[in-house]
Amino acid sequence: MPLSPTATRELLDQLEHFPNKKLGQNFLVDGNIVRKSIELAEIGEGSHVVEIGPGLGTLTKAILSTGAELWAVERDATLAEHLRANVLPKQPSLHLIEGDCLDYPRAELPEDKATEGFRIVANLPYAVSTPWMDAVLSGELPERMVLMLQKEAGDRYAAPHGSKTFGGISIFLQSAYEVHSKHLVKAQCFHPAPKVDSVLLRLDRKEDAIRFSPAARDCVRRIFTQRRKQLGALCKRDSQAEALEWFEELVDQGVPKTIRPEALALEHWQALAEKLK
Ligand code: SAM
């Protein structure tokens, strides 16, 4: 069970720790959301789980109580020390590292466990959620992710083509994952309450998940830096011959020459991934 807002405040006082805004320190204080995250994750004995930003250990303890083995990475030195002193000694299934999730996107989950299959359950630090997601999508893919995110990021991840928020991360994510569910989460579920809206997202890996190579990702990103321009002009300007070839093939298939990047459907972007493997 998570700590109540009062107990969270008291624990933070005891640790002489003031929640760090830059590190997105909004701690979960709502039992229903913790339960919902565990329910959606469907984890238990034998599961390998990764958590980003365990903080005071609320979600961490709930994950461990299912019998799962957990790898977690926390950047804040005070919180990492609190976890080492108070959670780690009672939890042999917890592997905790102090560091940045952008350096350890899978919290040093061993390679053999990653290939056997793993899940990620996290209340993410919002400021780094997209670069972290980018790193996750370029490695061994988790079978499932249950993530608390800033609503705006969740909207971008799940954006359909044709919408203003459709971009690189929507393409990379949706090529590998199905958005199974998306729940709005109120600010009062956290202490301190964030000023932005949050969503709890469950993402299930597709059977035919497609991963974009670094070259394909760079190409897509370059294109989306000028999303209002026509795709053909952007491909012409791109230094990669493959991009132009891809665009010409799209036109042969009936895609309008004047199409803009955000209007192009996912399957066409996946053809670019195939070209720039
Ligand atoms: N899991 C806790 C919970 O649900 O109450 C805390 C979640 S809080 C939204 C985000 C956590 O991520 C904080 O503990 C913060 O210190 C940590 N954090 C922030 N940036 C990080 C980074 N780059 N790498 C690892 N942890 C980070």
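Residues numbered from 1 in each chain as written. Predicted model: local features only at pLDDT ≥ 70, side-chain atom pairs only at ≥ 80, totals over all residues. Heavy atoms only, no water.

Participant: In this structure, what is going on with the site of the ligand? I would like to understand it.
Facilitator: The ligand sits among 21 residues. The nearest are Gln25, Leu28, Gly53, Glu74 and Cys101. Leu28 places a main-chain nitrogen or oxygen 2.9 Å from an oxygen atom of the ligand. Glu74 is positioned such that a nitrogen or oxygen atom in its side chain is 2.6 Å from an oxygen atom of the ligand. Protein chains bury 99% of the 590 Å² of accessible surface belonging to the ligand in isolation. Looking at the shell around the ligand, the elements with two or more residues in it are β1 (27-28) and β3 (69-74). When the residues that make up the shell around the ligand are grouped by side-chain class, the tally is 9 nonpolar, 7 polar and 5 charged. (Near = heavy atom within 4 Å. Polar contact = N/O pair within 3.5 Å; in protein donor to acceptor, adjacent residues only side chain to side chain. Areas by Shrake-Rupley, 256 points an atom, 1.4 Å probe, with all protein chains shown as cover. Helix = DSSP H or I, 4+ residues; strand = E, 2+ residues; numbered from the N terminus. Nonpolar A, V, L, I, M, F, W, Y, C, P; charged D, E, K, R; others polar.)

Participant: Help me understand the packing of aromatic side chains in this model?
Facilitator: Aromatic rings considered in pairs are described by the distance between their centres and by the relative angle of their planes. Under the counting rule described, the total for this entry stands at 4 aromatic pairs. Taken together, a centroid distance of 5.3 Å and an interplanar angle of 40 degrees make the contact between Phe224 and Trp269 tilted. Placement of Phe224 in helix α9 (residues 214-224) and of Trp269 in helix α12 (residues 266-275) is noted, with a sequence separation of 45 residues between them. Of the two residues examined, Phe224 and Trp269, each falls in the buried class. (Phe/Tyr/Trp six-rings, centres within 6.5 Å; stacked < 30°, edge-to-face > 60°. Buried < 20%, exposed > 50% of the residue type's maximum accessible area, 1.4 Å probe, protein only.)

Participant: Would you mind going over the nonpolar core with me for this structure?
Facilitator: In globular proteins that are soluble, nonpolar side chains generally tend to be buried together. If you look at the biggest cluster of nonpolar residues, it comprises 55 residues, and the most contacted ones within it are Trp132, Met133, Leu147, Leu231 and Trp269. Lining this core are residues from two domains, each supplying at least three of them: domain 1 (5-205) and domain 2 (214-275). Listed in part, the 27 residues of the second largest apolar core include Leu28, Val121, Val146 and Met148. (Core = buried A, V, L, I, M, F, W, Y, C linked by side-chain atoms within 4.5 Å. Domains from an automatic or database assignment.)

Participant: Before we go on, may I ask you to explain the packing of helix α8 (residues 168-176) against α12 in this structure?
Facilitator: Axes are the key here: two packed helices are described by the angle between their axes and the distance separating the axes. Orientation of α8 relative to α12, taken along the N-to-C sense of each, is 90 degrees, at an axis distance of 10 Å. If you check the angle between α8 and α12, you find them roughly perpendicular. In this structure, α8 contributes Ile171, Gln174 and Ser175 to the contact, and α12 contributes Leu266, Trp269 and Gln270. Taken together, the residues of the contact of α8 with α12 break down into 3 nonpolar, 3 polar and no charged. (Axes fitted to C-alpha atoms, helices over the stretch in contact; angles between N-to-C directions. Parallel < 35°, antiparallel > 145°, perpendicular 65-115°, else oblique. Contact = heavy atoms within 4.5 Å.)

Participant: Please explain the pattern of salt bridges as it appears in this structure.
Facilitator: One pass over the structure, following the stated rule, counts 21 salt bridges. One salt bridge in this structure joins Asp155 and Lys182, with 2.9 Å as the shortest N-O distance. One end of the pair, Asp155, is in helix α7 (residues 151-158); the other, Lys182, is in strand β7 (residues 177-185), with 27 residues separating them in the sequence. Here Arg202 and Asp204 are joined by a salt bridge, their closest N and O atoms 2.9 Å apart. Here Arg202 and Asp204 have matching classes, each one buried. If you follow the salt bridges from partner to partner, you end up with Glu42, Arg144, Arg202 and Asp204 in one network. (Salt bridge = Lys/Arg side-chain N within 4 Å of Asp/Glu carboxyl O.)

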